[in-house]
Amino acid sequence: MNKIIKTIIICFFVGFLNGQDTILSKDEVMNVAYTKAEQEDKNVFLMFDASWCGWCKRMDKNMKNNACKNFFDDNYVTVHLAIKESKENKHLENPGAPDFYDSLKEGTSGIPFWVIFDSKGNVLDNSLDSNNNNNIGSPVTKDEVQAFVSILKGTSKLNDKELSIITEVFWDKAYD
């Protein structure tokens, strides 16, 4: 019963705040995500992005593609933190997000940059390709998508068929 009440409170809190013009702080976003992830036995998929970023929009669009949206929803609590906004859009940035990004980026400078956490806030993996240390924030090439799928396989309960569908959605053969 206690879990149900907590879930209702979190859903209300998130729903209420989504309807507001208030930009949540990094801590508020992440604390709600960790709580939800723990309750739902999922990991947290955090994407750092910006309103002007075409690659960020592409990553988000691919993750929300009807063919694989449920795979991400069933395995991750996905959240976004806005950073690197233009001077006139600085008000869109989540307070604390730029410093959090700097603490996690491990030398990369591009966005989208994503990090996968467990429900306790421990980093499981991120968008740095371990083969060449490049940020694969929005994977499109065969190699980038293979690296992305490998990370997903290690941080989720996705099966080979689901990972194959994700590969088809993300891989843009025009980039190979």
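Relevant structure appears above.
Described in the following lines is the structure provided in the data block. The structure presented is a predicted model; accordingly, all values stated were derived computationally and were not measured.

Further remarks concern the packing of helix α6 (residues 142-155) against helix α7 (residues 160-170). It is at 10 Å that the axes of α6 and α7 come closest, and there the two elements cross at 145°. Between α6 and α7 lies a crossing of right-handed hand. Residues V145, F148, V149, L152 and K153 of α6 lie in contact with α7, whose contacting residues are D160, L163, I166, T167 and F170. Partitioned by chemical class, the residues of the contact of α6 with α7 number seven nonpolar, one polar and two charged.

All chains considered together, the criterion is met by 15 aromatic pairs. For the ring pair F48 and Y101, a centre distance of 5.3 Å and an interplane angle of 65° mean the geometry is edge-to-face. Separated by 53 residues along the polypeptide, F48 in strand β1 (residues 43-49) and Y101 in helix α5 (residues 97-104) bring together distant segments of the chain. Accessibility expressed as a relative area gives 0% for F48, which makes it buried. Look at Y101 and you get buried, because its relative accessible area is 2%. In this structure an aromatic cluster arises from ring pairing among Y34, F48, F100, Y101, F113 and F117.

Parameters and conventions
- Residues numbered from 1 in each chain as written.
- Predicted model: local features only at pLDDT ≥ 70, side-chain atom pairs only at ≥ 80, totals over all residues.
- Heavy atoms only, no water.
- Axes fitted to C-alpha atoms, helices over the stretch in contact; angles between N-to-C directions.
- Helix = DSSP H or I, 4+ residues; strand = E, 2+ residues; numbered from the N terminus.
- Left-handed = near helix turned anticlockwise from the far one by under 90°.
- Contact = heavy atoms within 4.5 Å.
- Nonpolar A, V, L, I, M, F, W, Y, C, P; charged D, E, K, R; others polar.
- Phe/Tyr/Trp six-rings, centres within 6.5 Å; stacked < 30°, edge-to-face > 60°.
- Buried < 20%, exposed > 50% of the residue type's maximum accessible area, 1.4 Å probe, protein only.

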